Amino acid sequence: MTSKISYFKFIESDIKHRGWLAALTAAALFFLMPISLLLKIDGFRQQAVLASASGTQFLEEQIIHYTPGALNGIRFPILSLMIVILALLCAVTGFTYLHSREKQDFYHGMPIKRLQWFAISYTSGLLIFLIPYLLFGFGTIVIAGSRVSITAGFIGQCISSLTGGILGFLICYHTAILAMFLTGKTITGVLAALVLMIYGSIIPTLSIGLAQNFFDSWSENTPSFLLKAEKFCSPAALFTQTLMNTANQNLLSGIALGLIAGGVLLVAALLLCKRYPAEASENALAFPKSAPIIKYLIAVPTSLFIGLMIQFFNHSVSTNWIIIFSILSVILLCMIIEFIYHQDLTKLLSGKLSTALSLGTILIIVCVLKFDLFGYDTYLPKETKLESISFSCDQLTSYFSYPENFQPYVHQQSDKDVFSVTDYAPLYELAGEGIQNLKQGITPKNVTENDSSYGYINVTLHYKLRGGKNTYRQYAVSREAALQALTQLCKDEDYRKLLFPIFHLQTDKIVYVSLEDIYYQPITLLLDRKQQDQLLEAYKKDVLAADIPDMQYESPLGELSLGFPGTHLAESVNTVEADLTQIDRFYIYRSYQNTLDKLEEYGYPLRTEIDPKDVMFMTYYPNEHSEADNYARAEITDYNFGEGISITEPEEIKEMLGRIGYDQCNGIFDGRITAVGSVEITLTGKSYPNTYVVTK
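Each value, and the rule that gives it
- Throughout this description, residue numbers start from 1 for each chain and increase along the sequence as written.
- Under the rules for a predicted model, residues below a pLDDT of 70 receive no local features and side-chain atom pairs below 80 are neither given nor counted, while totals for whole chains, interfaces and linings still include all residues.
- Just so you know, side-chain values use all the structure's heavy atoms and leave hydrogens and water out.
- By definition, two strands form a pair when at least two bridges between them are found by DSSP.
- Helix and strand assignments come from DSSP, with helices taken as H or I runs of at least 4 residues and strands as E runs of at least 2, each series counted from the N terminus.
- Every axis corresponds to a line fitted to the C-alpha atoms, with the helix fit spanning only the stretch in contact, and the corresponding angles, defined between N-to-C directions, vary from 0 to 180 degrees.
- Residue contacts follow a heavy-atom distance rule, with two residues in contact if any of their heavy atoms lie within 4.5 Å.
- We call Phe, Tyr and Trp rings a pair once their centres come within 6.5 Å, taking the six-membered ring for Trp, and we label the pair stacked below 30 degrees between planes, edge-to-face above 60, and tilted otherwise.
- Throughout, exposure labels follow a simple rule: accessible area from a 1.4 Å probe, protein chains only, divided by the maximum for the residue type, with under 20% read as buried, over 50% as exposed, and the rest as partly exposed.
- Charge-over-ring placement is defined geometrically: NZ (Lys) or CZ (Arg) within 6 Å of the ring centre, and within 35 degrees of the ring normal.
- Take the buried Ala, Val, Leu, Ile, Met, Phe, Trp, Tyr and Cys residues and link them wherever side-chain atoms come within 4.5 Å; each set so joined is a nonpolar core.
- Here the expected span of a helix is defined as 1.5 Å times the quantity of residues minus one.
- Patch definition: residues above 30% relative accessible area lacking any salt bridge, with like charges linked at up to 9 Å and the nonpolar side chains Val, Leu, Ile, Met, Phe, Trp and Tyr linked at up to 5 Å.
- The Shrake-Rupley method, run with a 1.4 Å probe, gives the accessible areas here. Residue values count only the displayed protein chains as cover.
- The salt bridge definition used is simple: a Lys or Arg side-chain nitrogen within 4 Å of an Asp or Glu carboxyl oxygen.

### A look at the sheet that holds strand β2 (residues 456–465)
Here comes step 1: Read from one edge of the open sheet, 3 strands run β1-β2-β3, paired in antiparallel fashion. At either margin of the open sheet sits one strand with a lone partner, and together these are β1 (386–392) and β3 (470–478). Between one strand and the next, the sheet's axes are offset by a mean angle of 25°, whatever the strand orientation.
Here comes step 2: Judged from the 9 bridges that link them, β2 and β3 form a sheet pairing that is antiparallel. When the sheet's bridge partners are listed, Leu 461 is paired in β3 with Arg 473.
Here comes step 3: The sheet contacts of helix α16 (residues 425–439) involve β1, β2 and β3, and relative to β3 the element is tilted by about 70°.
Here comes step 4: Across the sheet, helix α18 (residues 479–489) lies against β1, β2 and β3, angled at about 125° from β3, the strand it touches most.

So this is what it looks like as structure tokens:
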């Protein structure tokens, strides 16, 4: 029976034997933790000077923000990569004796059981990392604490981050140990460790990539379960999640995740330790019967992944390249794996059955995807199974500006089902058109990549089925069909209130209203609270009565912008003051008579034309494309070509002013403006010109 003293001696001897690794670990962590923080602090000082910020306050804020994440590498990726490398080295150097018959004979000739040798190698490898990591980790905290006001929260966050670093190391360490027990050679052990680290994450990534390329109606919202699985289905993903959770003060979830993942991997390694055959050393695999299974599991997803990568770097839309290179890759990979198994070129074609199964699986997968044998693109839920449908597209989210989008806890509008309806007949009909368009080759990819599909837009439909299942599809539909569907939906007043952002606002929170017309000179309206509320109520009344087609085919006369407190913004927006945020795109159309009347009543009549007397300079830039060219219907910044034509004659100026309008809105579904050129107009009192689209 081995005494505790003997265990300590064995562990001490093992660490001395791996002294080079201990020195490498200490040196790497010394430079990547305390030294790195000192360099970062020096950079923060320079940033404070350049930003003309309060030196001490800025420095403290940056250090407090940066340090916890730097302790486990989530804010310093080089450190997290080094943790992975050190875990791999500790496992390989500690268990390399498994792959040497001489060492196996020596170790097993001693009166020590396998699990005891496992414990000795395991503990020494862990200590090689743990001691310097904790030493330099606490040293880093001391350096940070000497430059900031230490709080219990800051110390707790740093310790949480250090704990995450240790748990992340254990996940990688146990994975590499497991790989060593699966193989009989060190080189194959290292390769197996790398494969085990990332294999689980490849499957959901591969599934998403194949679906995006083969299915025309695939929506980015569809694979929510795959994206969630991707975060937890491989040691590499679990490693990242553990670091993130512990660095962001999610200590309990981070520890639980790290302990569960590390524990499962350790138990698997211990089970293999008991069953590891002595004759496995110097063979590619420790368990030869698993060779065909491992070959199949590696060859199939890897070949598909290679096909995807080649298609991606080739910038090709055709899926034929994925099919061709996946087939070629699976054959080549099977030969390479057989060579690794046997180290003999004459046995490249060994394992014919596993090769045939791998090739057959690839052929089945690509046939199912290529010919859509399960009818993914043509899927339309039965009306009896539908609970609701929501409708969204990029054009709508560009036309509207929702106040919820400026809050950190709210995602895109399509994620909130703002457009969800139970009376979904117009959307069901729209989906039917989308499916017919797919059959005719009009796909979402064509809309973005083919000019001949300019009359179409991409829409995403979210089918919520009875029972809670959610299904997403994306279709290319004509603008007219989308507009007709939206018009039908907007006959319901409740739907209008969901669609238009003005009904999402708390009017008592609005601190100012700004008006912009064709002069592009925003004016803050000097209104009291009662006048402001009356103006907004008039605008709401106009929105409820407005014809939806007018928003596509007519140009607005101007727009209102609303300011409200915005101290908790999740994104950069138009900030007027440090504590105020401005939301715009509340367009005013000719039919908005209530709003126009109120503006005139309050002394702010909306100007619909530019007075020729206000024009100082005018330069016209003809469109270099023909009027029918789709490139002429895009951003106005694309229209300024050459030196331009200076217009000075009063009659020509007046004629040109009649050909422009307020063009900050290109229609609720975009595509309204067909430009023949652009004109730059410098107005009286302005030092820079406004640019207008010339449409007539």
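Moving on, there is more to tell.
### A short note on the sheet that holds strand β6 (residues 558–565)
Here comes step 1: Strand order in this open sheet of 4 strands is β5-β4-β6-β7, and the pairing throughout is antiparallel. Looking at strand neighbours, the two that pair on one side only are β5 (523–524) and β7 (580–588), the edges of this open sheet.
Here comes step 2: Bridging between β6 and β7 involves 7 bridges; their strand directions are antiparallel. Pairing of Gly 558 across the sheet is with Ile 588, part of β7.

### What to know about the packing of aromatic side chains
Here comes step 1: As enumerated under the stated definition, the model contains 28 aromatic pairs in all.
Here comes step 2: Pairing Phe 169 with Tyr 173 gives two aromatic rings, centres 5.2 Å apart and planes at 25°, and the pair type is stacked. Linking Phe 169 with Tyr 173, this pair stays in helix α7 (residues 152–182), spanning 4 residues, or about one helical turn. The pair Phe 169 / Tyr 173 is uniform in exposure class, with both members buried.
Here comes step 3: Just above the ring of Tyr 519 sits the side chain of Arg 607; from NZ or CZ to the centre is 3.9 Å.

### Quick notes on the nonpolar core
Here comes step 1: Formed by 69 residues in total, the largest nonpolar core has its most connected members in Phe 95, Phe 169, Tyr 173, Ile 177 and Phe 181.
Here comes step 2: Secondary-structure elements contributing two or more residues to this core are α2 (19–50), α3 (55–72), α4 (77–95), α6 (114–145), α7, α8 (186–214), α10 (235–247) and α11 (251–275).
Here comes step 3: Of the residues forming this core, the biggest block, 16 residues, is contributed by α7.
Here comes step 4: If you look at the next biggest cluster of nonpolar residues, it comprises 65 residues, including Tyr 402, Ile 502, Leu 515 and Cys 665.

### Remarks on α16
Here comes step 1: In a regular helix each residue adds 1.5 Å, so 15 residues correspond to 21 Å; α16 covers 22 Å between its end C-alpha atoms and thus fits that length.
Here comes step 2: Regarding α16, the residues found buried are Pro 426, Leu 427, Tyr 428, Leu 430, Ala 431, Gly 434, Ile 435, Asn 437 and Leu 438.
Here comes step 3: After α16 finishes, the residue Gly 441 shows a positive phi value of roughly 90°.

### Focus on a nonpolar patch on the surface
Here comes step 1: Together, Phe 305, Met 309, Phe 312 and Phe 313 make up a nonpolar patch on the protein surface, roughly 420 Å² of accessible area in all.
Here comes step 2: Looking at the element boundaries, Met 309 is found in helix α12 (residues 291–313).

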